[in-house]
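Below are the chains, spelled out letter by letter.
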Number of protein chains: 2
Amino acid sequence: MTGDETTAAPRARTGRPRAGGRRSDGDPRDEIVAVASRLFAERGVGGTTMSEIARRSGLRQSSVYYYFRDKEAILGEIVASVNRVILDHLERVNADGGTAALRLYRLIRFDARQMCRFPFDINEIYRLSALQDERFAGFWSERQELNEAVAALVAEGVAEGQLAETDPRLTALVLLSNDEGTQNWQRPVGAFRQEGGEHYDADQIATFVADLAMRALLRDRGRLAAIRRRALELDP
Amino acid sequence: MTGDETTAAPRARTGRPRAGGRRSDGDPRDEIVAVASRLFAERGVGGTTMSEIARRSGLRQSSVYYYFRDKEAILGEIVASVNRVILDHLERVNADGGTAALRLYRLIRFDARQMCRFPFDINEIYRLSALQDERFAGFWSERQELNEAVAALVAEGVAEGQLAETDPRLTALVLLSNDEGTQNWQRPVGAFRQEGGEHYDADQIATFVADLAMRALLRDRGRLAAIRRRALELDP
DNA sequence: ACGACTTTCGACACGGTGTCGAAACTCTCT
DNA sequence: AGAGAGTTTCGACACCGTGTCGAAAGTCGT
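Scoring rules and cut-offs
- Residues numbered from 1 in each chain as written.
- Chains lettered and ligands numbered in written order.
- Predicted model: local features only at pLDDT ≥ 70, side-chain atom pairs only at ≥ 80, totals over all residues.
- Heavy atoms only, no water.
- Helix = DSSP H or I, 4+ residues; strand = E, 2+ residues; numbered from the N terminus.
- Buried < 20%, exposed > 50% of the residue type's maximum accessible area, 1.4 Å probe, protein only.
- Contact = heavy atoms within 4.5 Å.
- Areas by Shrake-Rupley, 256 points an atom, 1.4 Å probe, with all protein chains shown as cover.
- Near = heavy atom within 4 Å.
- Polar contact = N/O pair within 3.5 Å; in protein donor to acceptor, adjacent residues only side chain to side chain.
- Buried area = accessible area lost by both parts, 1.4 Å probe.
- Salt bridge = Lys/Arg side-chain N within 4 Å of Asp/Glu carboxyl O.
- Nonpolar A, V, L, I, M, F, W, Y, C, P; charged D, E, K, R; others polar.
- Domains from an automatic or database assignment.
- Patch = residues over 30% accessible without salt bridge, like charges linked within 9 Å, V, L, I, M, F, W, Y side chains within 5 Å.
- Lys, Arg positive; Asp, Glu negative; His and termini not counted.
- Charge placed at Lys NZ, Arg CZ, Asp CG, Glu CD.

### With respect to the overall build of chain A
Moving on, step 1. Looking only at helices and strands, chain A features 11 helices and zero strands.
Moving on, step 2. Based on the C-alpha atoms only, the size of chain A along its principal axes is roughly 70 × 40 × 35 Å.
Moving on, step 3. When burial is assessed residue by residue, chain A has 55% of its 236 residues classed as buried.
Moving on, step 4. For chain A, long-range pairs separated by at least 24 residues make up 67% of all intrachain contacts whose partners lie at least 6 apart in sequence.
Moving on, step 5. For chain A, the exposed area adds up to about 10,900 Å²; of that, 49% sits on carbon and sulfur atoms.

In structure tokens form, the structure reads like this:
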């Protein structure tokens, strides 16, 4: 949103005026993305039509193709930052320091909570983006980066003697799919919810998932309570 | 397949003959299901058209609607027995007896291995079936039955003193989504495969997932090796 | 031979995707 | 002031996939 819109009348827009006289409140691209985000959350990507996105954006169906090549291009825009959030948290966690076990706990708990709160079906996104590797290359390389970071933390914890012997690569895969699995029990909106998660909030679920992971991994499980306490201080 | 096909010429089929002279080798319903299974595994349900199912079944596109109301009806037929397999194993495991921890290990390991080998994307199936609750009610009630059975095993193990204190309901959810997560690392066919799982076979992954689960849950992790050994004897 | 039944097909309506060319404006230059 | 370029939007359309409908083309029984 530029300054124009909040004070004087918005400056004239070039281009053909819209039918029905409705003007965009801002950049049509941003509005399309916002509208599509809500629809993807409610109905999934497959259940959302370009016509509906256009209609709710105040455009005709064909106009959307002026800004986006296709529906997957809109999706790409929306999910471009998904992994960035958890990778930024990883950097923060590593910058804060602490044992590998503490940092791992913080990361897992953060990721699980984010997945609980994530409005989109991550599995649908995985599958759609897997079908178009080139266009979602960034998404996958970031996801791989996260996997490797978790595996590295696990390996570090084992080397420190705080974590018991384990295969770091498989462990990372399991931990991250634990987090993703939470989407099937609790999500802000969406058609599908498996019974069971609705009695808990995102924090409870995330803390539980992180606890269970550390119970599996810690050589001395007596240390879990202290790790949890410290993590909750650092990431309320 | 009836006896007719293997000896004498197949008995005349009523109804309009197929274009191109090709005859069905058996029940057209069964052939449609078989063809659709392969296509759903390769391309996902969403990526499979009724035209392609018809074509590979030797029919015209509209003929498929004579046997199935729509694509989801075919899917329903295919997945009708998915949960039955793991529920049957649960019955077998309970009939065999043994501690709750042993039975839990066997169940988790079996489910994870089944998920590795399952050609379809379980998450796509979840989402498609969630959108049509009435038609997939059986699927969901069986899934819920499995959840409750796992929760009950966990509760029993805690009561026996073999498993450490935990929330049985959340634990069941985590364990089963561990199993499902394996689909993203290894599956017989399918477009999507997250890097990491390809170096392991289904047995290795399943045993690892079961091990990690028990490491989290067992009060005395020293018992894990004996449980694993016993489980591998019972379920090679 | 005829009618009932079954299985299959062709034609079609409808909805969704995506393209194309033009409408309807703004802006700049002469 | 007018012309041309550019931008944004729209209408029309081709194509594809779903799903329906009525008829074709058989078999079977009376």
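### A word on the protein's contact with DNA strand D
Moving on, step 1. As a matter of local geometry, DNA strand D sits amid 28 residues, with Gly 15, Arg 16, Arg 60, Tyr 66 and Tyr 67 of chain A nearest to it.
Moving on, step 2. Sugar and phosphate atoms represent 70% of those atoms of DNA strand D found within 4 Å of the protein.
Moving on, step 3. One of the backbone N or O atoms of Arg 16 of chain A is found 2.4 Å from a base oxygen in DNA strand D.
Moving on, step 4. Within the side chain of Gln 61 of chain B, a nitrogen or oxygen atom sits 2.9 Å from a base nitrogen of DNA strand D.
Moving on, step 5. Among the secondary structure elements, those contributing two or more residues to the surface near DNA strand D are helix 3 (64-67) of chain A together with helix 2 (50-57) of chain B.

### Remarks on the interface of chain B and chain A
Moving on, step 1. Contact with chain B, which involves 44 residues of that partner, is made by 44 residues of chain A.
Moving on, step 2. When the two sides are added together, the surface that chain B and chain A hide from each other amounts to roughly 4,000 Å², 57% of it contributed by carbon and sulfur.
Moving on, step 3. Where chain B packs against chain A, one counts four salt bridges.
Moving on, step 4. The set of elements that each furnish at least two residues to the side of chain B that touches chain A consists of helix 7 (122-130), helix 8 (137-160), helix 9 (168-181) and helix 10 (202-217) of chain B.
Moving on, step 5. Among the elements that make up the side of chain B that touches chain A, the one with the highest residue count is helix 9 of chain B (nine residues).
Moving on, step 6. Grouping the constituent residues of the side of chain B that touches chain A by class yields 19 nonpolar, 13 polar and 12 charged.

### Some points on the side chain of Gln 162 of chain A
Residues and elements named next belong to chain A.
Moving on, step 1. Structurally, Gln 162 is set in the loop between helix 8 (137-160) and helix 9 (168-181).
Moving on, step 2. At a separation of 3.3 Å, a polar atom in the side chain of Gln 162 contacts the side chain of Thr 99.
Moving on, step 3. Once residues lying within four places of it in the same chain are set aside, the contact partners of Gln 162 are Thr 99, Ala 101, Gly 157, Leu 217, Leu 218, Arg 219, Asp 220, Arg 223 and Ile 227.

### Some thoughts on the domain arrangement of chain A
Residue and element names in this part refer to chain A.
Moving on, step 1. As assigned here, chain A comprises domain 1 (24-78) and domain 2 (80-234).
Moving on, step 2. With centres defined by C-alpha atoms, the gap from domain 1 to domain 2 works out at 30 Å.
Moving on, step 3. The interface of domain 1 with domain 2 comprises 15 residues on the first partner and 15 residues on the second.
Moving on, step 4. Approximately 1,100 Å² of surface area, both sides summed, lies buried where domain 1 meets domain 2, with 60% of it carried by carbon and sulfur atoms.
Moving on, step 5. Linking domain 1 with domain 2 are one salt bridge, by the criterion used here.
Moving on, step 6. A salt bridge links Asp 70 to Arg 135, with the nearest nitrogen and oxygen atoms 2.8 Å apart.
Moving on, step 7. Our enumeration of links across domain 1 and domain 2 arrives at five residue pairs in polar contact (both at pLDDT 80 or more).
Moving on, step 8. For the side of domain 1 that touches domain 2, the secondary-structure elements that each account for two or more residues are helix 1 (28-43) and helix 4 (71-79).
Moving on, step 9. Here the element with the most residues in the side of domain 1 that touches domain 2 is helix 4; it accounts for six residues.

### A closer look at a negative patch on the surface
Moving on, step 1. On the surface, a cluster of negative charge is made up of Glu 145 and Glu 148 of chain A together with Glu 195 and Glu 198 of chain B.
Moving on, step 2. Mapping Glu 198 of chain B onto the fold places it in the loop between helix 9 and helix 10.
Moving on, step 3. The class for Glu 198 of chain B is partly exposed, based on a relative accessible area of 36%.

### Describing the protein's contact with DNA strand C
Moving on, step 1. Near DNA strand C you find 26 residues, and of these Gly 15, Arg 16, Arg 60, Tyr 66 and Tyr 67 of chain B are the closest.
Moving on, step 2. Each atom of DNA strand C within 4 Å of the protein was classed as base or backbone; sugar and phosphate made up 70%.
Moving on, step 3. The separation between a base nitrogen of DNA strand C and a polar main-chain atom of Arg 16 of chain A is 3.4 Å.
Moving on, step 4. Interatomic distance of 3.3 Å between a side-chain N/O atom of Tyr 65 of chain A and a phosphate oxygen of DNA strand C.
Moving on, step 5. Counting only elements with at least two residues in the surface near DNA strand C, the list comes to helix 2 (50-56) of chain A together with helix 3 (64-67) of chain B.

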